[in-house]
Amino acid sequence: MNCTDSRIYLPAYLDDELDVAESLRVQRHLSECGNCRQAQDEQLALRSALRDPDLYALPSADFSKRIEAAVRRAAKEEARSQPSSWFESLRLGSFQWVAAAAALVIVTTVGVFFVTNSMRSSHDQLVASAVLAGHIRSLQPGHLFDVASTDEHTVKPWFQGKLDFSPPVPDLSELGWILVGGRLDYVDGRPVAVLVYKRRMHNINVFLWPNHGSADDTIRQEDAQGYQILHWNGAETTYWVVSDLNKTELLGLAQALRGH
Ligand SMILES: [Zn+2]
């Protein structure tokens, strides 16, 4: 790990958000690098300064009472103006009413989130965030591939002996998708193959591993943090494609891979 990576990982390291392997890499770098140790000390100092109780203002008892009274009043008025609402038939007290309204807001928000998200299962959500993290990690200098080659006859054998499966490595150059290399990554509790394709200046990471579940080659799409994530389960292989390329073009690549 170099200093640039260490600075990127440092906040997550201090928040205990890294996995064991990443955490050890940061720790090792810190033990060897005085500059990064100083950055760590600075972040820790800032953190303890922010914990200073003098920075926080607690509301007075009188202020809290006034807020509670205002909420109670508003709830009563609302209930009076909707005498036949289903809320009243539930005979909720004013505070329960406020709680119910708040719960409704939460339910609505969560609902909207899932409707706009075509990857519904929570497992898929976890894998989606893992491949997105893998994609972002790969964009750091020197992390994009372990084997750099535009030749599928070089990239495919490179995986041999490193994985318990042989990933399909299609040549899609005629369609304008330039293979630039491959690497290993770790997703969903297993080592996976990643093929890296390029379109203009965009890097596309194709994560793949054997599909042991049922096949469903409907391409599911999600956008997150400015990246497109596409996913489908082929008869033999599970695919996750991530890029900052636009959705239409990336769907073209997914279809080419699926048809291969
Ligand atoms: Zn350093």
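Throughout, residues of each chain are indexed from 1 in the direction in which the sequence is written. Owing to the predicted nature of the model, reporting of local features is limited to residues with pLDDT of at least 70; listing and counting of side-chain atom pairs is limited to 80 or more, with chain, interface and lining totals taken over all residues. In computing side-chain properties, one takes all heavy atoms of the structure into account and sets aside hydrogens as well as water.

### Describing the overall build of the protein chain
For the record, the criterion: Starting at the N terminus, helices and strands are each numbered in turn, a helix being any DSSP run of H or I of at least four residues and a strand any DSSP run of E of at least two. Here the term buried applies to any residue with accessible area under 20% of the maximum for its type, exposed to any over 50%, and partly exposed to those in between, with areas from a 1.4 Å probe on protein chains only. The criterion used for residue contact is that any of the two residues' heavy atoms lie within 4.5 Å. Accessible surface is estimated by sampling points in the Shrake-Rupley manner with a 1.4 Å probe; for residues, cover comes only from the protein chains shown.
Secondary structure summary: the protein chain contains nine helices and seven strands in total. A burial count over the protein chain gives 37% of its 260 residues as buried. In the protein chain, once contacts between residues fewer than 6 apart in sequence are set aside, the share between residues at least 24 apart is 56%. Total accessible area on the protein chain is roughly 15,700 Å²; 56% of this is exposed by carbon and sulfur atoms.

### Considerations on unusual backbone geometry
In this structure, D188 takes a positive phi of about 55 degrees despite not being glycine. Here D188 is to be found in the loop between β2 (178–187) and β3 (190–199). The phi angle at R200 is positive, at roughly 50 degrees, despite the residue not being glycine. Relative to the elements of secondary structure, R200 occurs in the loop between β3 and β4 (202–210).

### Looking at the environment of L24
Structurally, L24 can be placed in helix α2 (residues 20–32). Measuring from C-alpha to C-alpha, the distance between L24 and Y13 comes to 9.5 Å, with eleven residues separating the pair along the chain.

### Thoughts on the side chain of S138
Inspection of the secondary structure assignment puts S138 in helix α7 (residues 122–138). The exposure class assigned to S138 is buried, which follows from its relative accessible area of 3%. In this structure S138 touches H143, L144, R183 and N205, once residues within four positions along its chain are discounted.

### Comments concerning the coordination of the zinc ion
This is how the line gets drawn: For Na, K and Ca the donor cutoff is 3.2 Å, while for all other metals N, O and S atoms count as donors only within 2.8 Å; water does not appear among the atoms, so some sites may look incomplete.
Bound to the zinc ion are the protein donor atoms C3 (SG), H29 (NE2), C33 (SG) and C36 (SG), situated 2.0 to 2.4 Å from the metal. All donors of the zinc ion come from a single chain, and their spacing in sequence reads C-x25-H-x3-C-x2-C. An identical accessibility class is assigned to C33 and C36; each is buried.

### Looking at the sheet that holds β3
The line we're drawing: A pair of strands is considered paired only if DSSP assigns at least 2 bridges between the two. Each axis is a line fitted through C-alpha atoms, and for a helix only the stretch in contact is used; angles between axes span 0 to 180 degrees, taken between their N-to-C directions.
If you walk across this open sheet you meet the seven strands as β1-β2-β3-β4-β7-β6-β5, and the pairing is antiparallel. Bordering the open sheet on either side are β1 (147–148) and β5 (216–224), each of which pairs with just one other strand. Both β4 and strand β7 (residues 237–243) contribute to a ladder of seven bridges, which runs antiparallel. Counted as the bridge partner of I204 is S243 from β7. Set on the sheet, α7 makes contact with β2, β4, β5, β6 (227–233) and β7; between it and β7 the angle comes to about 50 degrees.

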